[in-house]
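Structure assessment
Each chain, letter by letter, is given below.
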Amino acid sequence: MAGISRFTAVLAAGVVAAALMAPDVRAASATTRAASGAGEWRVAVAARGWRVQLAAYRSRAVALAGWRRLAGAHPDLLAAFEPGIERVDLGTQMGVFFRLRIGPFADARAARRMCRALGDRGVDCFVIPPETEASVSSPTEPAPPPATEAEAPPSSETSAVEAPTPPAPAPVPAPPVVAAPEPEPAPVATAEPAPSPAPAPRGRFSGFVAPELRIFPRDEKFAGQEGTGLSVAVQPEYFVEWDGGAQNFAATGFARLDQHDGRRTHLDLREFRWEYLGDDWMLRVGADKVFWGALESEHLVDIINQTDLVEDPDGEDKLGQPMVSLALDRDWGTTELFVMPYFHERTFAGAEGRLRTPIPVDVAAAEYEAGAERYHPDLAIRWARSMGPWDIGLAHFYGTSREPRFLTRAKSGGGFRLVPRYDLINQTSVDLQGAFGDWLLKFEAMTRTGHGERIFAAGGGFEYTITGAFDSQADVGLLLEVLYDDRNDDNGSTAPPTLFDNDVFTGLRFSLNDVDGSEVLAGVVTDWRSGARAFSIEASRRLGEQAKIGLEARTFDAFPSNDFFSSLNRDDYIQIELSYYF
Amino acid sequence: MMRRATLLLFVAALAGVAPGAARAGGDGGRGLAIAREADRRDSGFGNVTAHMTMVLRNRQGDESTRRMRFSAIEMENDGDRNLIVFDSPRDIRGTGLLTHTHKSGSDDQWLYLPALKRVKRIAASNKSGPFVGSEFAYEDMTSQEVEKYTYAYLRDEACGARACFVVERRPVDRRSGYGREVVWIDRDTYRFERIDYYDRRDDLMKTLVFSGYRLYLGRFWRARLLEMRNLQNGKSTRLTFEDYKFRTGLSPADFTRARLKRLN
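Everything numeric in this text was worked out from a predicted model, so none of it was measured. Counting from 1, residues in each chain are numbered in the order their sequence is written. Just so you know, chain letters begin at A and ligand numbers begin at 1, following the order they were written in. With pLDDT at 70 or above as the cut-off, local features in this predicted model cover only qualifying residues; side-chain atom pairs require 80 or more to be listed or tallied, and sums for whole chains, interfaces and linings still use all residues. Hydrogens and water are ignored here; the side-chain numbers use all heavy atoms of the structure.

Looking at the overall build of chain B
For the record, the criterion: In this description a helix means any DSSP run of H or I spanning at least four residues, a strand means any run of E spanning at least two, and both kinds are numbered starting from the N terminus. It is over C-alpha atoms that the radius of gyration is taken, and the globule rule equals 2.2 Å times the number of residues to the power 0.38. All accessibility values rest on the Shrake-Rupley procedure with a 1.4 Å probe; residue burial counts only the protein chains present in the view. For this count, His and the chain ends are skipped, Lys and Arg are scored as positive, and Asp and Glu as negative. Charge placement uses NZ in Lys and CZ in Arg. For Asp and Glu, CG and CD serve respectively.
Check the secondary structure of chain B and you find 3 helices and 15 strands. In terms of overall dimensions, chain B is globule-like: its C-alpha atoms have a radius of gyration of 18 Å, near the 18 Å expected for 264 residues. Principal-axis analysis of the C-alpha atoms places the extent of chain B at approximately 55 × 45 × 35 Å. For chain B, the accessible surface area stands at approximately 9,100 Å², while carbon and sulfur atoms represent 46% of it. For chain B, the distance from the average position of its 48 positive side-chain charges to the average position of its 35 negative side-chain charges is 5 Å.

Some words on the state of the cysteines
To keep things clear, this is the line we draw: Cysteine sulfur pairs qualify as disulfides if the two atoms are within 2.5 Å. Using a 1.4 Å probe on the protein chains alone, a residue whose accessible area is under 20% of its type maximum counts as buried, one over 50% counts as exposed, and one in between counts as partly exposed.
Using the criterion set out here, one finds 2 disulfides over all chains in the structure. Covalent S-S linkage joins C115(A) and C125(A), the inter-sulfur distance amounting to 2.1 Å. Every disulfide takes its handedness from the sign of the S-S torsion; for C115(A) and C125(A) that torsion is 140°, giving right-handed. Of the two residues, C115(A) is situated in helix α6 (residues 108-120) and C125(A) in the loop between α6 and β4 (126-128); the sequence distance between them amounts to 10 residues. Across the pair, C125(A) and C115(A) agree in class, each one buried. For C159(B), the disulfide goes to C164(B), at an S-S distance of 1.9 Å. In this structure, the disulfide formed by C159(B) and C164(B) twists by about 75° around the S-S bond and is classed as right-handed.

A few points about the sheet that holds strand β12 (residues 367-368) of chain A
Strand pairing in a sheet is mediated by backbone hydrogen bonds. Such pairs are either parallel or antiparallel. Using the following cut-off: Note on pairing: DSSP must find at least two bridges between two strands before they are called paired.
Here 3 strands make up an open sheet; going across it, the order is β12-β16-β15 (chain A) and the pairing mixed. In this open sheet, the two strands that pair with only one neighbour each are β12 and β15 (405-410) of chain A.

Quick notes on the pattern of salt bridges
Let me state the cut-off plainly: We define a salt bridge as a side-chain nitrogen of Lys or Arg found within 4 Å of a carboxyl oxygen belonging to Asp or Glu.
The full count for this structure, using the stated rule, is 73 salt bridges over all chains. Measuring nitrogen to oxygen at the nearest pair gives 3.4 Å for the salt bridge that ties R51(A) to E86(A). Taken together, the residues R51(A) in strand β1 (residues 50-57) and E86(A) in strand β2 (residues 84-89) connect sequence positions 35 residues apart. On the basis of relative accessibility, which here comes to 5%, the residue E86(A) falls in the buried class. Each of R113(A), R116(A), D279(A), D329(A), D254(B), R259(B) and R262(B) takes part in a single network of salt bridges with overlapping partners.

Some remarks on the environment of Y580(A)
All names here are of chain A. Which entries qualify depends on this criterion: Two residues qualify as a contact provided that any one of their heavy atoms is within 4.5 Å of a heavy atom in the partner residue.
Relative to the helices and strands, Y580 resides in strand β25 (residues 573-581). By relative accessible area, Y580 is classed as partly exposed at 45%. Remark: the alpha-carbon pair of Y580 and L543, spanning 37 residues in sequence, is separated by 9.2 Å. With sequence-adjacent residues up to four places away left out, Y580 is seen in contact with G207, F208, V209, Q546 and A547.

Re a nonpolar patch on the surface
Counted only if it meets this: The residues that make up patches have over 30% relative accessible area and no salt bridge, and they are joined within 9 Å when like-charged or within 5 Å when they are Val, Leu, Ile, Met, Phe, Trp or Tyr.
Where nonpolar side chains cluster on the molecular surface, the patch consists of V285(A), V324(A), V339(A), L379(A) and Y398(A) and spans about 360 Å² of accessible area. As for its placement among the helices and strands, V285(A) is situated in strand β9 (residues 281-288).

Let's talk about the side chain of T400(A)
Residues and elements named next belong to chain A. As for its placement among the helices and strands, T400 is situated in strand β14 (residues 390-400). A relative accessible area of 1% places T400 in the buried class. Sequence-distant contacts of T400, that is, excluding residues within four places in its chain, are made with F343, Y368, H376, D378, Y422, D423 and L424.

Considering the sheet that holds β1(A)
Residues and elements named next belong to chain A. Using the following cut-off: Note on geometry: axes are lines fitted to C-alpha atoms, helical ones only across the stretch in contact, with angles between N-to-C directions running from 0 to 180 degrees.
Read across the open sheet, the 4 strands follow the order β2-β3-β1-β4; overall the sheet is antiparallel. Looking at strand neighbours, the two that pair on one side only are β2 and β4, the edges of this open sheet. Each strand of the sheet is rotated relative to its neighbour by a mean of 40°, with strand direction disregarded. In this sheet, strand β3 (residues 96-105) lies alongside β1 in antiparallel orientation, the contact comprising 6 bridges. Counterpart to Y57 in the pairing with β3 is F98. Contacting β1, β2 and β3, helix α3 (residues 60-73) crosses the sheet at an angle of about 40° to β3.

Focus on the nonpolar core
As a reminder, the rule being used: We call a set of buried residues a nonpolar core when its members are Ala, Val, Leu, Ile, Met, Phe, Trp, Tyr or Cys and they connect through side-chain atoms within 4.5 Å of each other.
Formed by 54 residues in total, the largest nonpolar core has its most connected members in M54(B) and F131(B). Sort the elements by how many residues they give to this core and strand β1 (residues 47-57) of chain B lands first, with 5 residues. If we skip the residues at most four places from it in the chain, M54(B) touches S64(B), T65(B), R66(B), M68(B), F131(B), V132(B), S134(B), F136(B), M141(B), T237(B), R238(B) and L239(B). Membership of the second largest hydrophobic core comes to 27 residues, among which are W67(A), L77(A), I102(A) and A110(A).

Concerning the interface of chain B and chain A
The condition that has to hold: Values labelled buried area give the accessible surface lost by two parts on being combined, using a 1.4 Å probe and summing over both. For the purposes of these results, a polar contact is taken to be a pair of N or O atoms within 3.5 Å, where, inside protein, one atom must be able to donate a hydrogen and its partner to accept one; residues adjacent in sequence count only when each atom of the pair is a side-chain atom.
Contact with chain B, which involves 56 residues of that partner, is made by 78 residues of chain A. Between chain B and chain A, the buried area comes to about 5,900 Å², and carbon and sulfur atoms account for 43% of it. Close ionic contact of R118(B) with E296(A) constitutes a salt bridge, the shortest N to O distance being 3.4 Å. There are 22 residue pairs in polar contact (both at pLDDT 80 or more) connecting chain B and chain A. Mapped by element, the contributors of at least two residues to the side of chain B that touches chain A are β2 (63-73), β5 (108-113), β6 (118-121), β12 (214-216), β15 (236-246) and α3 (257-260) of chain B. Considering every element that reaches the side of chain B that touches chain A, the biggest residue donor is β6(B), with 4 residues.

Section: the environment of P171(B)
Residue and element names in this part refer to chain B. Note that P171 resides in strand β8 (residues 162-171). Here the alpha-carbon distance between P171 and D199, two residues 28 residues apart in the chain, equals 11 Å. Setting aside residues up to four positions removed in sequence, P171 forms contacts with K148, Y149, S176, Y178, G179, R180 and E181.

Encoded structure:
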């Protein structure tokens, strides 16, 4: 019997709670009526954000007493808040309630975090999604409306958006409490509510179109190659978030159409993923891009995404990587886990394209060590944290190497094919960057097994910035990086070839700090053993608010004839790209 | 574009005072006392978010606009943390700039580049460089902590319809682009009304005027409009703050490098 009545009481409380939650036209009109009473003013914005409902009471005085009791018991959580007490008339059946709410919070996560913290102390509460219409009255005693300064431009928009509070002595005056019969104000309803509709999410569509002209001033090197040509890239992007910012979906497509090279004409899903943001964790499912590393001239430890090499020989363009990733934030750092169920092969120029090997890489004939080939599940883990001026990252990767090595296979009709071979590897890496005054220090190192002998590579250097150089507003950055890789040390190495084995990178970054964000980065990588040199210059500036022009030039020379990259010798180019953002 | 930066602001707390760190001038310590009182009155705001718009205007009157989202949090026993995310111009949309200011020593600063999904640490020593091409220098955008200057009280003076203290302050950091600054502070509210910036040659370089003040949470004055005029190059920048929200439940964990990497 007692059990049943208890059950009905809980049920009734639930119904009341649901009724209290429902955006109710009568409630709104009732509150507006209340708001027209003396000493109360409308604060429309307060109802627009995420809030937390602590309780609902039968009278304002009891609600105020309830607030003081809660705030007194949990000052660490609640002292910063000004409570809103909202009158709601639910009709003859239910009667009038006074909801006790705090907020607005920055987003749903912040509101949930507060509610969970209160829950841990035994305080029931629930999260209120933003509403479009509601009024909040101040719990403090009648106070004069807007304390706008005389010089503040009177604007109706302003007074609607901002929540002015009375000036001077801030402490919440303890208003005379109507002697309430009950010694402890008992909230009427704090049960878990039926979710009320959150505002419909609105997506954002954007992206860019970028025509590009690549000029090769020198003659073709191999039969079938073309020279100077046009191409155009399109990158549409879509983003939508809901659940108060806790969940979102992002998609970024990419397409390039190239005048000459059928292999450079390609499509990719750079991003296509759902994300859940918890308080101290994050989960992503879908295609995504992840960057690790610190150096400018080479990205030794960056391994999650495959390089989209036809885009740019600098290797900074990446293909979207399908994955499930989980990040956990702790005091001792952030740990990220990656499971990658699908592998993208590296893109290479076709027979008509420039910047290629004498025999074009036969991407259709790629070989794998893994029996499952591109469906081999790859795994990675990374830990990262900041300590004072340092950021440090440690990572391990197991799976299919993003870098292929190259095998020559006889063609059936005679001649040879150059075939990429993707080994299974284990790679452990560390990356480090630190800031000390005008100096930025950078270091990356990795060791890898799976290509035969274990390989080891490291790079380190600095960027030194001179601000206000030449008595102007411009900054000049001086960069120096030293790169070492032992994979070419023995002649029988079966590891993928690398450009950066015994190299020094010196660079100059020039930032004008002007309205157009003009910037130039020039650098040269020199192999101190072979004398091979690769020079590059990249410059860009904005054109108005929605466009940008970029210039890039690269030259390659003095690669010895036995070097895998010797075919790049003198395959110099200049590229002009105009990006229009929509 | 903005390889380094320090951040906000007049907005951000004039963070806590390390007693004795700032030196009194020859005014019997009155200038320092005024600065400390202004700082004390602005402590305790918790955290804040706002929308910022910068309109850059050159000598010919051509304008260009930057829109940003700003958030900041007060830290116990440390300087503020703040985050600026760009909404425009379009080529830098989504770029995030995270700053951990410290009461002593260098600030920590990171830049998030959305195209590369890359977080770069940046050297926070550049004080005098322009912030995204505007007439605001990075040091103007930093939280103006009391111990970053020495002070001298100059006089009382009318400022518009109000009465102001006029205080001179000199940056302690030799990397500052300013030799001295003259600050008009309202006697009643301790709000900053105007700052004149003098360069290292002691020529008047820039004038900053604050207007559209409103009171939040009954304690914190915030200007809606900051107008910086550069008298040497004829350019000006108008910085507008809108939609201030205080104590929105942000936590220090929302201002970390890991979180910066998850900006959408």
